[in-house]
Every structure is written in structure tokens, then in C-alpha cells.
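So you can see what is in the structure, the chains are spelled out below.
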Amino acid sequence: MTYTLVLLRHGESEWNAKNLFTGWVDVQLSEKGVEEAKRGGTLLTNAGVLPDVVHTSLLRRAITTANLALDAADRHWIPVKRSWRLNERHYGALQGKDKKQIRDEYGDDQFMLWRRSYDVPPPDIELGSEFSQDADARYAGEPIPRAEALTHVLDRALPYWHSDIVPDLQSGKTVLVAAHGNSIRAIVKYLDDVDDATIAGINIPTGIPLRYELDEDTLKPVTRGGEYLDPDAAAAAIAAVANQGK
Ligand code: DG2
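What counts and how
- Residues numbered from 1 in each chain as written.
- Predicted model: local features only at pLDDT ≥ 70, side-chain atom pairs only at ≥ 80, totals over all residues.
- Heavy atoms only, no water.
- Phe/Tyr/Trp six-rings, centres within 6.5 Å; stacked < 30°, edge-to-face > 60°.
- Helix = DSSP H or I, 4+ residues; strand = E, 2+ residues; numbered from the N terminus.
- Buried < 20%, exposed > 50% of the residue type's maximum accessible area, 1.4 Å probe, protein only.
- Near = heavy atom within 4 Å.
- Polar contact = N/O pair within 3.5 Å; in protein donor to acceptor, adjacent residues only side chain to side chain.
- Areas by Shrake-Rupley, 256 points an atom, 1.4 Å probe, with all protein chains shown as cover.
- 1 Å grid on protein atoms, 1.4 Å probe; cavity = no way out; pocket = protein on both sides within 12 Å on 5 of 7 lines; lining within 4 Å.
- Sits in = over half its atoms within 2 Å of the grid points.
- Nonpolar A, V, L, I, M, F, W, Y, C, P; charged D, E, K, R; others polar.
- UniProt positions renumbered as here; feature names shortened; annotations may be inferred.
- Contact = heavy atoms within 4.5 Å.
- Core = buried A, V, L, I, M, F, W, Y, C linked by side-chain atoms within 4.5 Å.

Peer 1: Before we move on, can you summarise the packing of aromatic side chains with the specific residues and values?
Peer 2: By convention here, two paired aromatic rings are described through the distance between centres and the angle between planes. Counted by the stated rule, this structure contains seven aromatic pairs. Geometrically, the ring pair formed by Phe-21 and Phe-111 is tilted, given 6.1 Å between the ring centres and 55° between the ring planes. Pair noted here: Phe-21 is in the loop between helix H1 (14–18) and helix H2 (31–47) and Phe-111 is in helix H5 (residues 108–116), with a separation of 90 residues, a long-range link. Summarising the burial analysis for this pair, Phe-21 and Phe-111 share the class buried. Between the aromatic rings of Trp-24 and Trp-84, the centroid separation amounts to 6.2 Å while the plane-to-plane angle is 55°, which identifies the pairing as tilted.

Here is the structure:
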């Protein structure tokens, strides 16, 4: 027997469209992102993958995507759980900055180090600055970061994986996780045992469900890498994410 997990990066956000580092800034979906989210739900329906429970971050681009996709799949009524632990990687002082400008200013190597290295975080965000979340009520009492590398995302996402997602999987529920490019990369790294160098080359497309069948004993994927419900669209969108900032 296997357990079914679906990972869904939100549809394109307004800041994805503008090529801005977003992180924990709570931006809306773009019009294209709204359509991607609805299509994500259609892909679930067509594949016969009907979520029984959904987990989201605390950011509206993931929350709205889950709502739109589940509505399209006629599963809008399922229970929902949300956690900051599924939030996007905190992009520190880069939040709100243009990806191309940062690449031009600091060069390819530094840009890629900040964007894709496993353990080098961007510079800390200044507390109280425009794109900082230190006064945001939704994080009150939580140990909110000032910048994160992927390793830090794993450190805070994995406790939630074990405490909240695994029990849902083990009760036989089809679990949808609606999250972000880098929080999903963290889960993929863990599930597929991807090494620290290889994960740098793995990108997640917006709005295309990634389905994993997990072995019931090990909770590891039966097929490494899972399966995108629209593989051709995923391949094109993955290339677009990889090329951001160029
Ligand atoms: C993007 C990811 O996060 O950007 O924070 O800018 O998935 O929430 O739109 P998302 C951001 P990259 O790490 O791919 O540059």
C-alpha cells in the first residue's frame, strides 16, 4: 500500500511576475497565477487525485491557490491546516529586490549562492524595515527568521512534516501541501534524499501538482522525484524558474 502526497507550488504571484525576491512578503497571485491555480485543480480532478486534507503556509499566494484548486476539484470543503513552517524561505534583505538587478550588481556566483546554495543565507533583513515581518501578528510568539538558506527551511519544516503531515498520511488521507518554491524544494530534498549540491539544480514550477506515492513503511517515494500531473508544462515552467534573473 502507498500513501498519496501532492505538493503544489502556488500559481504565479504578482512579485514572481515582476521578478522580485518575495520570501515572507505576503503578495497576491497575478491573474495568470489565478488561472494556474484553477488549472491545478482540474489536473487533480483529471488524475483522480482528490485531497482529503490540505496543509498551507500562512501566505496568501499559497492559501488562495489551495482554495482555487480545491474549488475547481470540488474539494473546497476538506479540512485545512496552516503553518508558518511551510512558508517560503525568508529571503532576508533581498525581499522586495529585483532579481536581475541583484544579479547585475553582485554577479552570477553570488546571486546563485544566495538563491540556490544549500547553506548560505542572504544578508539579514533589517528589523522594522518595509519588507520585514517582525511586527506581523500572525507570527507572534514564533521564532521568526531574519534570513534563511534552504537548510534552515528544512530545520523548521521537518518538525511540521512529522507532527502534522505524517499522521494525516498514515491515516490514509490524500494530503495536499500548498506551499512555495523553496519550502517544496526542502520537502523534495528530504523525501528524495537529494544531496546538497544536486538540490541547487532542482526548481519547482508554479501551479502544477507534483504527486508522490509514499511507501507505507518508510514514508519515502516509490518513484524518486514523484510525477507532475502535467509533465510537459512542468518541464517548460521549471526552465523558466531556473532562468529567472537572467
Ligand atoms: C520565490 C522563489 O518564492 O524565488 O521568494 O522570490 O515560490 O513563494 O514565489 P515563491 C521568492 P526563487 O528562490 O526561485 O528565486
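Peer 1: Can you lay out the site of the ligand for me, pointing to particular residues and giving the numbers?
Peer 2: The environment of the ligand is formed by 18 residues, the closest being Gly-23, Glu-88, Tyr-91, Arg-115 and Arg-116. For the ligand, an oxygen atom lies 2.8 Å from a polar atom in the side chain of Asn-16. The contact in question runs from an oxygen atom of the ligand to an N or O atom on the side chain of Arg-116, over 2.7 Å. Protein contacts shield 99% of the accessible area of the ligand, which totals 400 Å² for the unbound molecule. Among the detected pockets, the ligand sits in the largest cavity. Classifying every residue of the shell around the ligand gives four nonpolar, eight polar and six charged.

Peer 1: I'd like to hear about the UniProt feature "active site" (unreviewed entry) in the protein chain, residue by residue, with values.
Peer 2: The feature "active site" (unreviewed entry), as annotated in UniProt, sits at His-10 and Glu-88 in this numbering. A maximum C-alpha distance of 10.6 Å is found for the annotated residues, which run over 79 residues; spatially they form one tight group. Those annotated residues lining the largest cavity are, specifically, His-10 and Glu-88. Turning to its location among the elements, His-10 is positioned in the loop between strand E1 (2–9) and H1. Excluding residues that lie within four positions of it along the chain, His-10 makes contacts with Asn-16, Leu-29, Arg-61, Ala-62, Thr-65, Ala-179, His-180, Thr-206 and Gly-207. Glu-88 sits in the buried class, given a relative accessible area of 7%. The contact partners of Glu-88, leaving out residues within four places of it in the chain, are Gly-23, Trp-24, Leu-59, Arg-61, Glu-148, Arg-156, His-180, Gly-181, Asn-182 and Ser-183.

Peer 1: How would you summarise the nonpolar core if you had to cite specific residues and measurements?
Peer 2: Residues Leu-5, Leu-7, Trp-161, Leu-169, Val-177 and Leu-214 are the most contacted members of the largest nonpolar core, which totals 38 residues. Put simply, the parts of the chain that give this core at least two residues each are E1, H2, strand E2 (53–56), helix H3 (60–72), helix H6 (150–170), strand E4 (175–179), helix H7 (181–192) and strand E5 (210–215). The contacts of Leu-7, once residues within four sequence positions are left out, are Val-177, Ile-184, Ile-187, Val-188, Ile-208, Pro-209, Leu-210 and Tyr-212. Within the second largest apolar cluster, seven residues are counted, among which are Tyr-118, Leu-150, Val-194 and Ile-199.

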